[in-house]
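Single-letter residue listing:
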Amino acid sequence: MMGEPGHRDLAAAPEGAPVDRLIHVADLHFWRVTLNPFRLLNKRLLGNLNVCLRRRHQFAMNVSHAHARSVAAEGVGTVLLTGDFTSTALEEEFAMADEFMRHLHALGLRTIVLPGNHDVYTFESVRARRFERRFGRYLPAEGYPSMLELEGGTPLLLVPTVCPNLFSSRGRIHDREIERVRELLPRNGGPIIVAGHYPVLTRTPGYTLTKQRNLRNAEALREALGDIGRPTLYVAGHVHRFSYVRDEQYPHLHHLTTGAFFHRNTRENIKGEFASIAVHRDRFQVFRHVLRKDWERILAEA
Ligand SMILES: [Fe+2]
Ligand SMILES: [Fe+2]
């Protein structure tokens with residue numbers, strides 16, 4: 001649930017201690033956790049479809065609840081979720097995602113939410129306003145862009161980047177939305193976090209976005225972020241890969257993408273992933289959290 005912005009004096013933070021901390025969770029993609037429904041479209045399986053779906057649901061919930069408890073154990077009160085809660089924006093997927101959100105709140109966590117392209121996957125789901133109906137209570141009342149504040153006073157700007165597509169997985173941010181982003185961004189002061197579903201960089205050592213999956217108008221958004229004369233962290237999901245880099249053109253700007261929360265990467269023996277951000281007076285520290293045998297916390301270097 002959106003909380004009230006705090007107004008704690010930044011100067012009150014003890015030397016060396018973070019002013020704010022934030023968890024980033026990306027790309028839950030309910031149903032991908034276990035069985036792919038397209039594989040269930042097999043006549044032999046149809047009779048068992050209900051059982052499979054029920055089992056799938058339970059399995060997803062077991063994993064998601066355990067992961068959520070690990071997030072809560074970090075002792076950070078706020079979780080930023082940058083979308084792709086579902087896979088095809090179906091009611092059943094939203095129901096699972098909603099159950100997950102309720103669990104986060106039951107653990108005492110404040111959530112900040114953006115939609116992903118999979119949450120507005122079809123024009124039909126957008127017309128039915130399925131995301132807004134299921135997730136309305138988690139979203140900023142004014143829509144996006146939306147300026148929030150973390151408890152210690154760090155500004156957090158949410159930007160709109162998603163739209164339905166017939167075939168591609170491209171994102172979009174309009175010029176007028178970028179103008180609004182420019183208006184909302186305070187030009188001077190301490191660190192600021194900006195979040196969207198799509199990364200603005202097409203390529204980093206951690207990922208490459210093809211033209212079918214990138215953000216239209218990304219360079220204009222990057223320029224708007226780069227023009228701010230303060231340390232800025234742009235946080236995104238979508239690529240399902242961890243990446244933390246300093247922008248080559250704008251030294252104040254860093255870019256973070258976090259791997260998918262439930263993703264099972266057998267090559268690296270990873271069963272889950274999230275990130276945490278410590279905001280200091282003049283810089284950020286980013287940690288990658290991965291579940292191998294246990295959760296590991298790794299300081300990322302940009
Ligand atoms: Fe995704
Ligand atoms: Fe996505």
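All of these numbers come straight from a predicted model, not from anything done at the bench.

Visitor: How do you make sense of the overall build of the chain when you look at a structure like this?
Guide: Looking only at helices and strands, one finds eight helices and 16 strands in the chain. Partitioning the intrachain contacts of the chain with sequence separation of at least 6 by distance along the chain shows that 70% fall at a separation of at least 24.

Visitor: Help me understand the packing of aromatic side chains in this model?
Guide: For the structure shown, the criterion picks out twelve aromatic pairs. Between the aromatic rings of Phe 135 and Tyr 138, the centroid separation amounts to 5.1 Å while the plane-to-plane angle is 80°, which identifies the pairing as edge-to-face. Residue classification places Tyr 138 among the buried positions, given a relative accessible area of 1%. Residue placement shows Arg 297 over the ring face of Phe 287; its charged tip is 3.9 Å from the ring centre.

Visitor: How do you make sense of the coordination of the iron ion (ligand 1) when you look at a structure like this?
Guide: Octahedral metal centres with six donors ideally show angles of 90 or 180 degrees, and tetrahedral centres with four donors ideally show 109.5 degrees. Of the protein atoms, only Asp 27 (OD), His 29 (NE2), Asp 84 (OD) and His 240 (NE2) coordinate the iron ion (ligand 1), at distances of 2.0 to 2.2 Å. Its four donor atoms give the iron ion (ligand 1) angles of 87 to 176° at the centre, a pattern that matches the irregular case. Mapped onto the sequence, the residues coordinating the iron ion (ligand 1) show the spacing D-x1-H-x54-D-x155-H. Taken as an interatomic distance, the gap from the iron ion (ligand 1) to the iron ion (ligand 2) is 3.4 Å; Asp 84 donates to each of them. Of this pair, His 29 sits in the loop between strand 1 (20–25) and helix 1 (37–40) while His 240 sits in the loop between strand 11 (232–236) and strand 12 (243–246), placing them 211 residues apart in sequence. By relative accessible area, which is 2% here, His 29 ends up buried. With relative accessibility at 18%, the residue His 240 sits in the buried group.

Visitor: It is not clear to me how the sheet that holds strand 15 (residues 284–291) should be interpreted in this structure. Could you clarify?
Guide: What links the strands of a sheet is backbone hydrogen bonding, and the strands pair in either a parallel or an antiparallel sense. In spatial order, the strands read 3-2-1-14-15-16; together these six strands make up an open sheet with mixed pairing. Here the strands that pair on one side only, and so sit at the sheet edges, are strand 3 (110–113) and strand 16 (295–299). Neighbouring strand axes in the sheet, compared pairwise and without regard to direction, differ in orientation by 25° on average. As paired elements, strand 2 (residues 78–81) and strand 3 share four bridges and run parallel to each other. Paired with Leu 81 across the two strands is Val 113, which belongs to strand 3. In the packing of helix 4 (residues 91–106) onto the sheet, the strands contacted are strand 2 and strand 3, and the crossing angle to strand 3 comes to about 145°.

Visitor: Any chance you could explain helix 4 here in plain terms?
Guide: For an α-helix, the turn length of 3.6 residues means that residues three or four places apart are oriented alike. Taking 1.5 Å of rise per residue, 16 residues should cover 22 Å, and helix 4 covers 22 Å from first to last C-alpha, within 8% of that figure. Inspection of helix 4 places Glu 93, Phe 94, Met 96, Ala 97, Asp 98, Phe 100, Met 101, His 103 and Leu 104 among the buried residues, and these make up the whole buried set.

Visitor: Would you mind showing me how to read the sheet that holds strand 4 (residues 146–149) here?
Guide: Reading across the sheet, the six strands line up as 4-5-7-11-13-12 and stay open at both edges, with mixed pairing between neighbours. Bordering the open sheet on either side are strand 4 and strand 12, each of which pairs with just one other strand. Between one strand and the next, the sheet's axes are offset by a mean angle of 20°, whatever the strand orientation. When strand 12 meets strand 13 (residues 253–257), the two strands line up antiparallel, connected through four bridges. Counted as the bridge partner of Tyr 244 is Leu 256 from strand 13.

Visitor: Help me understand the packing of helix 7 (residues 175–184) against helix 8 (residues 218–226), please; the structure alone is not making it clear to me.
Guide: A pair of packed helices can be characterised by two numbers: the angle between their axes and the separation between those axes. Their axes nearest at 10 Å, the elements helix 7 and helix 8 cross at an angle of 10°. Viewed along their axes, helix 7 and helix 8 adopt a mutual orientation that is roughly parallel. Residue-level contacts link Ile 178, Val 181 and Arg 182 of helix 7 to Ala 220, Leu 221, Glu 223 and Ala 224 of helix 8.

Visitor: How should the nonpolar core be read in this particular structure?
Guide: Most often, soluble globular proteins keep nonpolar side chains buried together rather than apart. Grouped together as the largest cluster of nonpolar side chains are 27 residues, with contacts concentrated most on Val 25, Leu 28, Leu 81, Phe 85, Val 113 and Phe 135. Examining the composition of this core, we find that six residues originate from one element, helix 4, more than from any other. Among all residues touching Phe 85, those that are not within four sequence positions of it are Leu 28, His 29, Phe 30, Ala 97, Met 101, Val 113, Leu 114, Asp 119, Phe 131 and Phe 135. Val 162, Leu 215, Leu 225 and Ile 228 belong to the second-largest nonpolar core, a separate cluster that totals 23 residues.

Visitor: Help me understand the confidence of the model for the chain in this model?
Guide: If pLDDT is low for a region, its predicted coordinates should not be looked at in detail. On average, residues of the chain carry a pLDDT of 87, and 85% of them reach 70 or more. Below a pLDDT of 50 lies the segment residues 1–11, which in the model reaches 25 contacts outside its immediate sequence neighbourhood of four places, other chains included.

Visitor: Is there a simple way to think about the coordination of the iron ion (ligand 2) in this case?
Guide: Protein coordination at the iron ion (ligand 2): the donors are Asp 84 (OD), Asn 117 (OD1), His 197 (NE2) and His 238 (ND1), at 2.1 to 2.2 Å from the metal. Metal-centred angles of 86 to 155° between the four donor atoms at the iron ion (ligand 2) mark the site as irregular. Written as a sequence motif, the donor arrangement for the iron ion (ligand 2) is D-x32-N-x79-H-x40-H. Overall, Asp 84 belongs to the buried group, its relative accessible area being 1%. Taking relative accessible area as the criterion, His 197 reaches 0% and is therefore assigned buried.

Each value, and the rule that gives it
- Residues numbered from 1 in each chain as written.
- Chains lettered and ligands numbered in written order.
- Predicted model: local features only at pLDDT ≥ 70, side-chain atom pairs only at ≥ 80, totals over all residues.
- Heavy atoms only, no water.
- Helix = DSSP H or I, 4+ residues; strand = E, 2+ residues; numbered from the N terminus.
- Contact = heavy atoms within 4.5 Å.
- Phe/Tyr/Trp six-rings, centres within 6.5 Å; stacked < 30°, edge-to-face > 60°.
- Buried < 20%, exposed > 50% of the residue type's maximum accessible area, 1.4 Å probe, protein only.
- Lys NZ or Arg CZ within 6 Å of the ring centre and 35° of its normal.
- Donors = N, O, S within 2.8 Å, 3.2 Å for Na, K, Ca; no water.
- Tetrahedral: all angles 85-135°; square planar, octahedral: opposite > 155°, others 65-115°.
- Pairing = 2+ DSSP bridges.
- Axes fitted to C-alpha atoms, helices over the stretch in contact; angles between N-to-C directions.
- Expected span 1.5 Å × (residues − 1).
- Parallel < 35°, antiparallel > 145°, perpendicular 65-115°, else oblique.
- Core = buried A, V, L, I, M, F, W, Y, C linked by side-chain atoms within 4.5 Å.
- pLDDT = per-residue confidence, 0-100.

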